[in-house]
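# Structural features, examined
The residues making up each chain are set out below.
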Amino acid sequence: MSDNRANDTAAITAVLESLYKAWDAGDADAFVADYTQEATAIMPGSYRASREEVRQGMAAGFASFLKPAFRIIQRHRVTNLWSDLRGHG
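Residues numbered from 1 in each chain as written. Predicted model: local features only at pLDDT ≥ 70, side-chain atom pairs only at ≥ 80, totals over all residues. Heavy atoms only, no water.

### Considerations on the layout of surface pockets
In this approach, a probe sized like a water molecule rolls over the atoms, and the result shows the empty space that is left. Quick reminder of the rule: With a 1 Å grid laid over protein atoms only, a set of points is called a cavity when a 1.4 Å probe fits there but cannot get out and a pocket when it is open yet has protein on both sides within 12 Å along at least five of seven lines; lining residues have an atom within 4 Å of a point. Grid points are joined across faces, edges and corners, and a volume is the space filled by probe spheres set on the points. Elements are defined by DSSP. Helices are runs of H or I of four residues or more, strands are runs of E of two residues or more, and each kind is numbered from the N terminus.
Approximately 220 Å³ is the volume attributed to the largest pocket. Contributing to the lining of the largest pocket are Trp23, Tyr35, Ala41, Ile42, Met43, Pro44, Ser46, Arg48, Gly57, Met58, Phe65 and Leu66. Those elements that provide at least two residues to the lining of the largest pocket are strand S1 (41-43), strand S2 (46-48) and helix H3 (51-62).

### Notes on helix H1 (residues 3-25)
In plain terms, the rule: Helices are assigned an expected span. That span is 1.5 Å times one less than the residue count. Working definition: with a 1.4 Å probe on protein chains only, accessible area under 20% of the residue-type maximum means buried, over 50% means exposed, and in between means partly exposed.
With 23 residues, H1 should reach 33 Å at 1.5 Å per residue; the first-to-last C-alpha distance of 33 Å fits that figure. Among all positions in H1, only Arg5, Leu19, Tyr20, Ala22 and Trp23 are buried. Once H1 ends, the next one or two residues include glycine 26, with phi positive near 65 degrees.

### So, the side chain of serine 50
Our working definition: Contacts are assigned to residue pairs that have any heavy atoms within 4.5 Å of one another.
Relative to the elements of secondary structure, serine 50 occurs in the loop between S2 and H3. Discounting residues that sit within four places of it in the chain, serine 50 has contacts with Gln37 and Ala39.

### With respect to H3
In a regular helix each residue adds 1.5 Å, so 12 residues correspond to 16 Å; H3 covers 16 Å between its end C-alpha atoms and thus fits that length. Its buried side turned inward, H3 meets H1, helix H2 (28-31), S1 and S2.

Laid out in structure tokens, this is it:
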């Protein structure tokens, strides 16, 4: 693995880990900390057109159906699909 790919993987993993921690804490502000102001998200039944809309949606979820007892999050392996498809993974 090249240094660039290792650095990319580490950076992506760090962002995902911060999301997992925010999810586990039920912290909507921390959840969107790495989002740009113009970020958008498609969530079940809705389209969130900005970082603030994503934050509001997560805050509402954390206050209700995403309470800590019901949180499930699956961690995934970070993969560079282009390199893997070309056989350089």
